[in-house]
Amino acid sequence: MAQRPAEPGELTSMGLTGTPFILLICLLALAALVGVVWVAPRAARRVPARVGLLLVPQVLLIAALLTVANAYFAFYGSWGDLLGMPGGSGGGGGTGDPTGHHGHLIRGAHGPAGQDPPLVPTHDAFIDGHRLPVKDGRLEAVTIHGGRSGISALAYVYLPPQYFRDKTRHFPVTLALTGYPGNAENLITRLQLPQTAAREIAARRLKPMIFVMMRPMVTPPRDTECTDVPKGPLAETFFARDLPAAIQSAYRTVPGPAGWSAMGDSTGGYCALKLAMRHSDRFAAAISMSGYYKALRDITTGDLYGGSPAYRNENDLAWRLQHRPAPPIDVLVTTSKVGEKDYAATRRFIALVHAPMQVSSITLPTGGHHFSVWRRELTPALRWLNGRLGV
């Protein structure tokens, strides 16, 4: 029987986070340590051999530790992500189709002649070896092409079961973003967002809604922090304009800002807040789990603002609350008193919020910057979101 090709989000056997690869690296490290014990007495007088015996096991041991850490935290989902090549899991700057064939428009989506259609193609997403049960809804893998930004990126779309039961009903949409570098699959396999949403919808504690799950790194390997970078990627335009237009063209969505929210963890949390605060004409609410409030400059970001202090300030969320009118949105921020670096900044942000903007918070006594904490916060966060979006 022929082996089925890996679909977007499926972990191939020798992928960067696949179990066989992790076991291989760990076995090589173990073999190197055993080799040192076996060979060292015979190489005691040979300097090059002694140097090799010291370096090789250490390099392999470090590689094994980094591989295990990457698999646990899912920093890089593929070799393409690690090497910064377009087409890695979760997005890319090109126009590649993740299914390996030319896409087609779905549900009436139309693009200008000669340009990529806004959303292509759709299929049942196969994530981490399984699909969602039919009773819980459907996951679709799509490529979103941004007509304004020129960015193309992979997204996973969760459709609740009610979407298929009532063909006339329109649904609110939540854009969900993971951290940097991350990958979109984290929101499914680690945060368990669609699984949790399905349970809450079934229990009628969350109104049926669509979730569009992505990573914020849409032009790998650069960390744009969801910013329109001068002479660089137009990531903010992609998320604030191109993505909503593509989703609305392909799915039955509630129009206007009352039908849209954003949420995310870490970098995704900062992006969610920034998108809602800077685009309240598009987003009515935002959830930031362990997010921050201004982007730092490092080797992954480069100069995001073209050397402009004024543009940097416009992307500083605390500065905006002090110097710009508060947007008419509701936001939820989460943090931990112990184990989370953003606690003080979160308290300051909460203190700065004023009408018409509203803020709620979840503060854990202890926690940290990882998915086990965010899973604890997810259910109350979704229940908070329930009353903030239109039907």
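Summarised in this report is the structure supplied together with it. (Residues numbered from 1 in each chain as written. Predicted model: local features only at pLDDT ≥ 70, side-chain atom pairs only at ≥ 80, totals over all residues. Heavy atoms only, no water.)

### Digging into the packing of helix α6 (residues 193-202) against helix α12 (residues 371-386)
Two numbers describe how α6 lies on α12: the axes approach to 10 Å, and their chain directions differ by 55°. Compared by their axis directions, α6 and α12 come out oblique. For the pair α6 and α12, the crossing hand works out as right-handed. Taken together, the residues of α12 that come into contact with α6 (itself represented by Leu193, Thr196, Ala197 and Glu200) are Leu378, Thr379, Leu382 and Arg383. When its residues are assigned to classes, the contact of α6 with α12 shows four nonpolar, two polar and two charged. (Axes fitted to C-alpha atoms, helices over the stretch in contact; angles between N-to-C directions. Helix = DSSP H or I, 4+ residues; strand = E, 2+ residues; numbered from the N terminus. Parallel < 35°, antiparallel > 145°, perpendicular 65-115°, else oblique. Left-handed = near helix turned anticlockwise from the far one by under 90°. Contact = heavy atoms within 4.5 Å. Nonpolar A, V, L, I, M, F, W, Y, C, P; charged D, E, K, R; others polar.)

### Notes on the pattern of salt bridges
Taken as a whole and judged by the stated rule, the model has ten salt bridges. When the shortest N-O distance is used, the salt bridge between Arg383 and Glu200 registers 2.8 Å. Within this pair, whereas Arg383 is found in helix α12, its partner Glu200 is found in helix α6, the two being separated by 183 residues in sequence. On the basis of relative accessibility, which here comes to 40%, the residue Arg383 falls in the partly exposed class. Measuring nitrogen to oxygen at the nearest pair gives 3.3 Å for the salt bridge that ties Asp330 to Arg388. With Asp330 in strand β8 (residues 330-338) and Arg388 in the segment after α12, this pair connects stretches of sequence that are 58 residues apart. (Salt bridge = Lys/Arg side-chain N within 4 Å of Asp/Glu carboxyl O. Buried < 20%, exposed > 50% of the residue type's maximum accessible area, 1.4 Å probe, protein only.)

### A short note on the state of the cysteines
The final tally for this structure, using the stated rule, is one disulfide. At a sulfur-sulfur separation of 2.1 Å, the disulfide partner of Cys226 is Cys271. Between Cys226 and Cys271, the S-S torsion sits near 100°, and that sign places the bridge as right-handed. Of the two residues, Cys226 sits in the loop between β5 (210-214) and α7 (235-250) while Cys271 sits in helix α8 (residues 267-278), which places them 45 residues apart along the sequence. Accessibility classification places Cys226 together with Cys271 in one group, the buried group. (Disulfide = S-S within 2.5 Å.)

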